[in-house]
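# Coordinates in review
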Amino acid sequence: MKRKLTFIACVAAATVVQAAPAFASSPHQDYEVMATGLFSPLHLAVGDGESVQVSQDFSGILTHVENDGERHDVYTAKQGWEVAGAEIRGDKTYFLESIGAGQGDPAALHGYLKSIDADGHVDTIANFADYERKANPDAKQHYGLDPDASQQCLTEAGALPDAPPPQYTGTLDSHPYALALWKDTAYVADAGANAILKVDLDSGRISTVAVLPPRPLTLTTEIAATLGAPDCAGFPYAFEPVPTDVEIGPDGWLYVTSLPGGPEDPSLGARGAVFKINPWSGDADVWADHIMSPTGLAVSDKGDVYVASLFGGEILKFNRQGHESQFLAVNQPADVEFRDGDVFATVDALVGVPGPEGPSGPMPEPGGRLIEVDAH
């Protein structure tokens, strides 16, 4: 039974290199394609004039796309490093860079909040791996089988090859993945730490806003077989939540998408969620549930929430009351942003990305796209 899949492992395990399938009709079928041929465009940020910064995560490249489609790379990380979430403020782009996510070696973790200005000058603002090693926000969080599970079940689970302990607390793991800016603060979704962190942009000081609660799932006989777990059905298993995006609503609260841990494909159903978090108290409550692989979200000025469902093949829209509807059916949407009445999204995000075993033949062509949709 897997402890959890950080997002990179999750998408690698589920990557399908093929053309986009057809989907059922949705209210918005027409959209403008701003860029094509992107490799793993998992994040985007919208600036003035509707220019966009796209993070081609797995290649470690931050790409600027003008509204007319002109593009150039503004930052390239060292080989093996990932560039993730980004936000634009004036002539600066703030972005996350990391390596070592999911390697299981705390000393190999490296993750930073950085900024780059119009002249290409890069500043390092905060070090998330150091904070994780010092604070480990979910160190007291209990994961795994319910405490009432039988000893036989615990013993069988512990004997599984390549499995985590059947019961455990949060380990050292950091994967800074998405961010949102508010005044002199950056809120960061750390997919390894299972937490929302806060960074003072002036000092680089990091603190914990909230640790997401586990997402328990009762192990039926069928689910146990799917996971390769012992046949000890009837006990809840608390999976680690995986925050994938964070945005600030017009009410000042944080909205956070979260993968539920464990398999992120449809085998266990739609278990992802949107949390609403009080940034002052850290209270975190599920605001929307039963979403397939929510990997990005945007909040409009009116409080509507748009969610990219990567393996659900759609962008969902929730009104202020949480009522859900389909906004757009599209292949592999990874991230979504709202700006001046338009929705921007990265789609076909994993087309051209090799699976975990690497390409079986010639390296496929990157197929990610950046699109713009009128939200009205």
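Fair warning: this is a prediction, and the values are worked out from it, not measured in the lab.

About the criteria used
- Residues numbered from 1 in each chain as written.
- Predicted model: local features only at pLDDT ≥ 70, side-chain atom pairs only at ≥ 80, totals over all residues.
- Heavy atoms only, no water.
- Buried < 20%, exposed > 50% of the residue type's maximum accessible area, 1.4 Å probe, protein only.
- Helix = DSSP H or I, 4+ residues; strand = E, 2+ residues; numbered from the N terminus.
- Arc of directions from axis to C-beta.
- Polar contact = N/O pair within 3.5 Å; in protein donor to acceptor, adjacent residues only side chain to side chain.
- Pairing = 2+ DSSP bridges.
- Axes fitted to C-alpha atoms, helices over the stretch in contact; angles between N-to-C directions.
- Phe/Tyr/Trp six-rings, centres within 6.5 Å; stacked < 30°, edge-to-face > 60°.

## Observations concerning helix α2 (residues 128-135)
Among the residues of α2, those classed as buried are Phe-128, Ala-129, Tyr-131 and Glu-132. For α2, the angular spread of the buried residues around the axis is 160°, confining them to a single face. Between the side-chain oxygen of the N-cap and the backbone nitrogen of Ala-129 there are 3.2 Å, and the N-cap of α2 in question is Asn-127. In the stretch just after α2, Asn-136 is the one whose phi turns positive, near 40°.

## Comments concerning the sheet that holds strand β21 (residues 284-291)
The strand order across the open sheet built from four strands is β18-β19-β20-β21, with neighbouring strands paired in antiparallel fashion. The open sheet terminates on both sides in strands that have one partner only, identified here as β18 (242-248) and β21. In this sheet, adjacent strand axes meet at a mean angle of 20° when their direction is disregarded. With five bridges connecting them, strand β20 (residues 272-277) and β21 associate as antiparallel partners. By the bridge assignment, Gly-272 is partnered in β21 with Ile-291.

## Quick look at the pairing of strand β9 (residues 122-127)
Sheet analysis places strand β8 (residues 110-116) next to β9, joined by five bridges and oriented antiparallel. By the bridge assignment, Leu-113 is partnered in β9 with Ala-126.

## Observations regarding the packing of aromatic side chains
For the coordinates displayed, the defined rule picks out eight aromatic pairs. Aromatic side chains Tyr-75 and Phe-95 sit 4.7 Å apart centroid to centroid with 50° between the ring planes, which places their arrangement in the tilted category. Here Tyr-75 is found in strand β5 (residues 71-76), whereas its partner Phe-95 is found in strand β7 (residues 92-99), with 20 residues between them in sequence. For the residue pair Tyr-75 and Phe-95, the accessibility class agrees, reading buried in each case. For the pair Tyr-306 and Phe-327, a centre-to-centre distance of 5.1 Å together with 80° between the ring planes defines the contact as edge-to-face. One end of the pair, Tyr-306, is in strand β23 (residues 305-309); the other, Phe-327, is in strand β25 (residues 324-329), with 21 residues separating them in the sequence. The exposure class of Tyr-306 is buried, given its relative accessible area of 2%. Classification of Phe-327 as buried rests on a relative accessible area of 2%.

## Some thoughts on the sheet that holds strand β27 (residues 342-347)
The sheet built from four strands is open, its strands ordered β1-β28-β27-β26 with antiparallel pairing. The open sheet has two edge strands, β1 (32-38) and β26 (335-339), and neither has a second partner. Taking each pair of neighbouring strands and ignoring which way they run, the sheet shows an average axis angle of 15°. Across four bridges, the pairing between β1 and strand β28 (residues 368-374) is antiparallel. Among the inter-strand pairings, Val-33 is bridged to a residue of β28, identified as Ile-371.

## What about the pairing of β8?
A large share of β8 lies buried, amounting to six of its seven residues. Relative to β8, β7 is paired through seven bridges, and the arrangement is antiparallel. Across the sheet, Tyr-94 pairs through a bridge with Ser-115, a residue of β8. Where β8 hands over to β9, the hairpin turn is made up of five residues, of which Gly-120 adopts a positive phi near 85°.

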